[in-house]
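Results of the structural survey
If you want the building blocks of each chain, they are given just below.
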Amino acid sequence: MAIAESVRERGRLVVERPGGIAVGAVIGYLLLDLLVKLSGTNLYFGGIKLIGGSLTIPSLGTMVLDGILVGLAVGLAGIGLSMTYSILDFANFAHGDTVTAGAFFGWVVAYILAGVGTGASLDQLFLFNSGEQLSAVTTLLPVLAGLVVASVGSIVLVLLLDRLTYRPMRDSGSISLLIASIGVALALRYGIAFVFGTQTSGVATSGLQVTLLALPSGTVTITDNELTLLVVSVVAMLGVHVLLQRTKLGKAMRAMADNEDLARVTGIPTERVVRLTWILGGGLAGMSGYLLVLESGTISFNFGWLLLLLIFSAVILGGIGSIYGAMAGGVVIGLVDSMALIWLPSGLTKASAFFVLIVVLLLRPSGIFSGVTTA
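The present account deals with the structure reproduced in this document.

Basis of the calculations
Residues numbered from 1 in each chain as written. Predicted model: local features only at pLDDT ≥ 70, side-chain atom pairs only at ≥ 80, totals over all residues. Heavy atoms only, no water. Helix = DSSP H or I, 4+ residues; strand = E, 2+ residues; numbered from the N terminus. Buried < 20%, exposed > 50% of the residue type's maximum accessible area, 1.4 Å probe, protein only. Contact = heavy atoms within 4.5 Å. Areas by Shrake-Rupley, 256 points an atom, 1.4 Å probe, with all protein chains shown as cover. 1 Å grid on protein atoms, 1.4 Å probe; cavity = no way out; pocket = protein on both sides within 12 Å on 5 of 7 lines; lining within 4 Å. Points joined across faces, edges and corners; volume = space filled by probe spheres on them. Nonpolar A, V, L, I, M, F, W, Y, C, P; charged D, E, K, R; others polar. Axes fitted to C-alpha atoms, helices over the stretch in contact; angles between N-to-C directions. Parallel < 35°, antiparallel > 145°, perpendicular 65-115°, else oblique. Left-handed = near helix turned anticlockwise from the far one by under 90°. Pairing = 2+ DSSP bridges. Phe/Tyr/Trp six-rings, centres within 6.5 Å; stacked < 30°, edge-to-face > 60°.

Helices and strands together make up the secondary structure of the chain, namely 14 helices and 6 strands. When the 375 residues of the chain are sorted by exposure, 45% land in the buried category. Nonlocal contacts in the chain, meaning residues at least 24 apart in sequence, comprise 72% of its contacts between residues at least 6 apart. Put simply, the chain shows about 17900 Å² of open surface, and 69% of that area lies on carbon and sulfur atoms.

Locating leucine 215 in the fold gives a position in strand β4 (residues 209–215). We classify leucine 215 as partly exposed; its relative accessible area is 34%. Sequence separation between leucine 215 and proline 58 is 157 residues; the distance between their C-alpha atoms is 7.4 Å. Dropping the residues within four chain positions of it, leucine 215 is found in contact with Ile57 and Pro58.

Volume-wise, the largest pocket comes out at about 630 Å³. What lines the largest pocket is a set of 17 residues, and nearest its centre among them are Ile27, Leu30, Val336, Trp343 and Val356. When residues of the lining of the largest pocket are traced back to their parent elements, those giving at least two are α2 (18–39), α13 (323–339) and α14 (349–363). No other element matches the 6 residues that α2 contributes to the lining of the largest pocket. Along the lines of polarity and charge, the residues of the lining of the largest pocket split into 16 nonpolar, 1 polar and no charged. As a volume, the second largest pocket reaches approximately 380 Å³. Taken together, 16 residues form the lining of the second largest pocket, with Leu292, Ser296, Phe303, Leu307 and Lys350 sitting closest to its centre. Every element with two or more residues in the lining of the second largest pocket is listed here: α11 (270–296), β6 (298–299) and α12 (303–318).

Let's shift gears to the packing of helix α8 (residues 224–246) against α13. Relative to each other, α8 and α13 sit at 165°, their axes nearing to 11 Å. Viewed along their axes, α8 and α13 adopt a mutual orientation that is roughly antiparallel. Between α8 and α13 the crossing geometry is left-handed. Counting all contacts with α8, which are made through Met237, Val240, His241, Leu244 and Gln245, the residues of α13 involved are Ile323, Tyr324 and Met327.

Turning our eyes to something else, we now look at the pairing of strand β5 (residues 218–223). Across 6 bridges, β4 lies against β5 in antiparallel orientation. The residue bridging glutamine 209 from the neighbouring strand is threonine 223, located in β5. Following β4, the chain reverses through 2 residues before pairing antiparallel with β5.

Where empty space is left becomes clear once a probe the size of a water molecule has been rolled over the atoms. Applying the stated criterion to the full structure yields 1 cavity of 30 Å³ or more. Looking at the largest cavity, its volume works out to about 80 Å³. The wall of the largest cavity is formed by Gly80, Thr84, Asn92, His95, Thr98, Val158, Leu161, Tyr166, Thr277, Trp278, Gly281 and Gly282. Breaking the lining of the largest cavity down by element, the ones donating at least two residues are α3 (57–88), α4 (95–115), α6 (140–166) and α11. When grouped by side-chain class, the residues that make up the lining of the largest cavity number 4 nonpolar, 8 polar and no charged.

Following the criterion strictly, the structure yields 10 aromatic pairs and no others. On the basis of an interplanar angle of 40° and a centroid distance of 4.6 Å, the ring pair of phenylalanine 104 and phenylalanine 196 is categorised as tilted. Linking phenylalanine 104 in helix α4 with phenylalanine 196 in helix α7 (residues 174–196), this pair joins segments that are 92 residues apart in sequence. There is no split in this pair, since phenylalanine 104 and phenylalanine 196 are both buried. Between the aromatic rings of phenylalanine 128 and phenylalanine 196, the centroid separation amounts to 6.0 Å while the plane-to-plane angle is 15°, which identifies the pairing as stacked. Of this pair, phenylalanine 128 sits in the loop between α5 (122–126) and α6 while phenylalanine 196 sits in helix α7, and the two are 68 residues apart along the sequence. The pair formed by phenylalanine 128 and phenylalanine 196 is uniform in burial state, with each residue classed as buried.

Quick look at the structure:
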């Protein structure tokens, strides 16, 4: 009886959850293929190679490290987007260009400070044309100053945008705010292009490399710029956690995300909470953009817009409205985007991240954290 019941239960799962079975099969195949690749062998059937290839442990480690670094920055930006949705109930399509603006604010200041005394003119420094390459070791003070300016500049920008655009429209509904945010995004993006041009500029390079893993087949290293991204992102996320769980502001934000009308009735200053939401979200957006440029070494007028799809994916994957979901979703998206290089050409790695998003939404529509708002 027990065996028959077990068979019936398995049959019921196959019928009711075919998607879950298929996803499990795909994950199992990829894991097996990864293990075979690491062993440097191939498995054939009828003369056709099913799985296998060549992949070294250091190469895999480098991919994982790159995925975590990008994922942390994406998650950092996703926190602000998730908070905006939780408190104001609209998808802010200008968030990606806020990331770009923050990066430009910070890097202009860092570049000018680093270029003082080098003989380069102010316009060369302002437009990143002096040939200077900054790093977290060789130009520590300018890089740190730029990080602060990126956050503060983004905060000032989002508060100004809220005062001029979003606040007067707040009672018009989420669709009107969404459309307005698209207009704001276009204005920011092409305003930056008008000032700085559409070219991609090299602004940063590594000044130091630290070996994390050394094997005969290769090494896994982390640069000073990547280490800065890692440390700052983790500290910022821990700070957000403490703010939400240990302060009156955090409790007010969680209460307003759960029920704005009830929060207003109980005496919570909702307008102040909205303003502080913009401050926190804008500061984190500028910080993430600055750190991504520090890690990649290049900056362009539209990199935040291109990043916005990954940010939205991270937020949706983790659960819309969940801060911790945005953090976790960013790391997952970053890892998938990086490790997809094992099986796909570089031009298709973004598609793999979106495919994972679709699969997760099919199996768990509310996201990894099941839509837990704000906390």
